[in-house]
Amino acid sequence: MPLIVEDGSMPDGANSYASVAMADDYFSARGNTAWTGLSTEQKEAALVRGADFLNGLRWPGRKVAQRTMAWPRSDAQDGDGYSIAPNAVPEPVVRACCYLAGQYGSGSDPLAPRDRKLSSISVGAISLAWEGGQGDMNMAEKFPELASILGGLLSLPGLVRRLVPA
């Protein structure tokens, strides 16, 4: 499947928010040499997976069309209250797609289920406690750089990954 970049124009079959060239520039500017060692096919697959992750987050506003990509959106504002054009993909989303692609390219999988053990359970008022706390459910704790990139678009509660696509 070819890489088709969503740039706000809603091309048919869009499956990424960044091109390989954009990701190459992103990682070059950050001195990430591991990315350059990947083949074009590996980079494309990583970018698609990064977009998949982003498409599962709760974003402001609503999609402008019924499609799998979360952006573009209408009635969306950034963290400062400025409106985001309904035919645009915000730059932080593009950078986040690159960041996540780097995670996948390095062998990390942000979407992989985490092994967690139940440490206690209560019945009255229903309560569950997991070994190691809830940190692996919170993207802001797990990926502070991603939280920093997207912080202007999403509140920290919004950074808690949903399992159901937006």
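This text follows the structure it describes.
What comes next concerns the included structure. The model shown is predicted, which means the values in this text are computed figures rather than measured ones.

### Section: the overall build of the chain
Looking only at helices and strands, one finds 5 helices and 6 strands in the chain. From first element to last, N terminus to C terminus, the chain shows the α and β order α-α-β-β-β-β-α-β-β-α-α. Within the chain, buried positions represent 36% of all 166 residues. Considering only contacts within the chain whose residues lie at least 6 apart along the sequence, 55% involve residues at least 24 apart.

### Digging into the environment of Leu47
Mapping Leu47 onto the fold places it in helix α2 (residues 40–55). As for Leu47 and Leu100, which are separated by 53 residues in sequence, their C-alpha atoms are 7.5 Å apart. Excluding residues within four positions of it along the chain, Leu47 makes contact with Leu3, Asn15, Ser16, Ala18, Ser19, Val20, Ala23, Trp35, Cys97, Cys98 and Ala101.

### Overview of the packing of aromatic side chains
For the structure on display, the rule yields 3 aromatic pairs. Relative to Phe27, the ring of Tyr26 lies with its centre 5.0 Å away and its plane at 90 degrees, an arrangement referred to as edge-to-face. Like Tyr26, the residue Phe27 is buried in the burial classification. Three or more aromatic residues joined by ring pairs form one cluster here, namely Tyr26, Phe27 and Trp35. The ring of Tyr26 is capped by Arg30, whose NZ or CZ atom sits 3.7 Å from the centre of that ring.

### Regarding the pattern of salt bridges
Applying the stated criterion to the full structure yields 3 salt bridges. Here Glu6 makes a salt bridge to Arg67, at a shortest N to O gap of 2.7 Å. You can see Glu6 sitting in the segment before α1 (20–29) and its partner Arg67 sitting in the loop between β1 (62–63) and β2 (73–74), a full 61 residues away along the chain. Residue Glu6 is classed as buried on the basis of its relative accessible area, which comes to 1%.

Parameters and conventions
Residues numbered from 1 in each chain as written. Predicted model: local features only at pLDDT ≥ 70, side-chain atom pairs only at ≥ 80, totals over all residues. Heavy atoms only, no water. Helix = DSSP H or I, 4+ residues; strand = E, 2+ residues; numbered from the N terminus. Buried < 20%, exposed > 50% of the residue type's maximum accessible area, 1.4 Å probe, protein only. Contact = heavy atoms within 4.5 Å. Phe/Tyr/Trp six-rings, centres within 6.5 Å; stacked < 30°, edge-to-face > 60°. Lys NZ or Arg CZ within 6 Å of the ring centre and 35° of its normal. Salt bridge = Lys/Arg side-chain N within 4 Å of Asp/Glu carboxyl O.

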